[in-house]
Amino acid sequence: MKAVDFGLFLHEDKAAKGNTAVLTKEERMKKSIKSAVAVAASACLMAAMLLCGCAQQPADQGEQPAASAEQEQAVDQAITDDAGREVTLPAAEKLEKIYYTSPAGQIFCFTLAPELCAGTTMDFTEQELENLPAEVADLPNLGTLAGGKELNPEAIMAEGIQVIFSVTTVAPTEKDGSDANDLQAKTGIPVVVIDGSFEKTAHCYEVLGELLGKQDAAAEMADYCTKVAADVAAAVASVPEDQRVSLYYAEGPEGLQTEPTSSSHALIFQLAGADNVARDLEAEGGKGKTPVSLEQVLAWNPDVIIAWDAQRFGGGASELIKSDPNWSTIKAVQDGRVYTMCQTPFSWLDRPPAVNRFIGLQWLTNLLYPEAYDIDIVETTKEFYRLFYHRDLTDDQVKELLGNSYQG
């Protein structure tokens, strides 16, 4: 069995070696007188053994090492997950079908090993499917635990799922471990809890890479995320506090919901160095989207507004904000700095909170501080979609995704 504390330590059996006895020269000489008799007797004995089918086939000896090596490669993996639970799951070579308890977990698994993903936790629009591999459209929806929803244990078992990943968006809690135990007991399928919070993104990929046998691809993704986070942090640190751009995040169909700094959904705004005008509000629990009034937004008078489009989450207000006279006195509207956040195939800034945020972090930082964080956003987007979404985009396709935020 392979024992892993997210470091995969292999236990190997040692084969015993035998010793072969060899006759001395003196002994051979003493027996030479009777050699003719001995040879004759040996010949007769060997002939009898061959006729009886008792001779050992050389090919049998040659097959034995190969079988032993195959068994060694197929040992189960025994791990201690990020909730402190001991879990045993099949060897990476045996894994053919995996699942996840949330959209965030699905994104991590999909980006690393799309061929192993046996279901989906969310439904996709036609536009989103255009930016995903064709096979995604045929995946059955097996449910999710995110947002207080439920998984479908019977369907998961019927699909032949071999392991379920519970990827958390914050540090795992005792409840995460308890929920994993319950799901594992209910389905008989091993459930592995992994910390998928923003600062643990590289760790999440490294763990998944070991368990799924995708170490090289996981290392590339982990290194990418680590570098992006460091580069953005350095760029933002170079911008004086009194030069930070004020920003309002307009959620919902009317643009009158937002995320204060205390909300996990506002993390990327903070990391990108934005001055969140709603920073001091009390955050709504659960799904977020703290309600505000238009009068509050007018008083804040932000430099930039980031709004949803109409694709997901019940519709967005980007067009309304740009055209409604009630919003027209806001500086962001007057300066033409109302930008529509890309949500294809996943939101660039928050929902679900997984690796999809790393392209949004680069986009927003470049949008707010183009001199401090000087990147080619078209090439950056193409690289991200190739590496994580397995899609090769053209320049025109990227510009369509960027919408009015594309600066040329």
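It should be noted that the structure appears before, not after, this text.
For the structure given in this document, a descriptive report is provided here. (Residues numbered from 1 in each chain as written. Predicted model: local features only at pLDDT ≥ 70, side-chain atom pairs only at ≥ 80, totals over all residues. Heavy atoms only, no water.)

Focus: the nonpolar core
Line of reasoning, step 1. The biggest cluster of nonpolar side chains holds 94 residues, and the ones touching the most others in it are F165, I306, W363, L364 and F388.
Line of reasoning, step 2. Ranked by residue count, the leading element in this core is helix 9 (residues 215-237), at 9 residues.
Line of reasoning, step 3. Once residues lying within four places of it in the same chain are set aside, the contact partners of F165 are I98, Y99, Y100, T101, C109, V192, I194, L208, L211 and L212.
Line of reasoning, step 4. Core analysis: the second largest hydrophobic core is formed by 15 residues, A307, I321, I330 and V338 among them. (Core = buried A, V, L, I, M, F, W, Y, C linked by side-chain atoms within 4.5 Å. Buried < 20%, exposed > 50% of the residue type's maximum accessible area, 1.4 Å probe, protein only. Helix = DSSP H or I, 4+ residues; strand = E, 2+ residues; numbered from the N terminus. Contact = heavy atoms within 4.5 Å.)

Details of the packing of helix 9 against helix 15 (residues 377-389)
Line of reasoning, step 1. Where helix 9 contacts helix 15, the two axes come as close as 11 Å, and the packing angle between them is 150°. Of the two elements, helix 9 crosses helix 15, and the hand of that crossing is left-handed. Of helix 15, the residues touching helix 9 (which contributes E220, M221, Y224 and C225) are T380, E383, F384, R386, L387 and F388.
Line of reasoning, step 2. Taken together, the residues that form the contact of helix 9 with helix 15 break down as 6 nonpolar, 1 polar and 3 charged. (Axes fitted to C-alpha atoms, helices over the stretch in contact; angles between N-to-C directions. Left-handed = near helix turned anticlockwise from the far one by under 90°. Nonpolar A, V, L, I, M, F, W, Y, C, P; charged D, E, K, R; others polar.)

Considering the state of the cysteines
Line of reasoning, step 1. The full count for this structure, using the stated rule, is 0 disulfides.
Line of reasoning, step 2. Looking at the unpaired C117, the closest cysteine sulfur is the one in C109, lying at 5.7 Å.
Line of reasoning, step 3. Free of any disulfide, C225 has its nearest neighbouring cysteine sulfur in C204, separated by 9.8 Å.
Line of reasoning, step 4. For C225, a relative accessible area of 2% gives the class buried. (Disulfide = S-S within 2.5 Å.)

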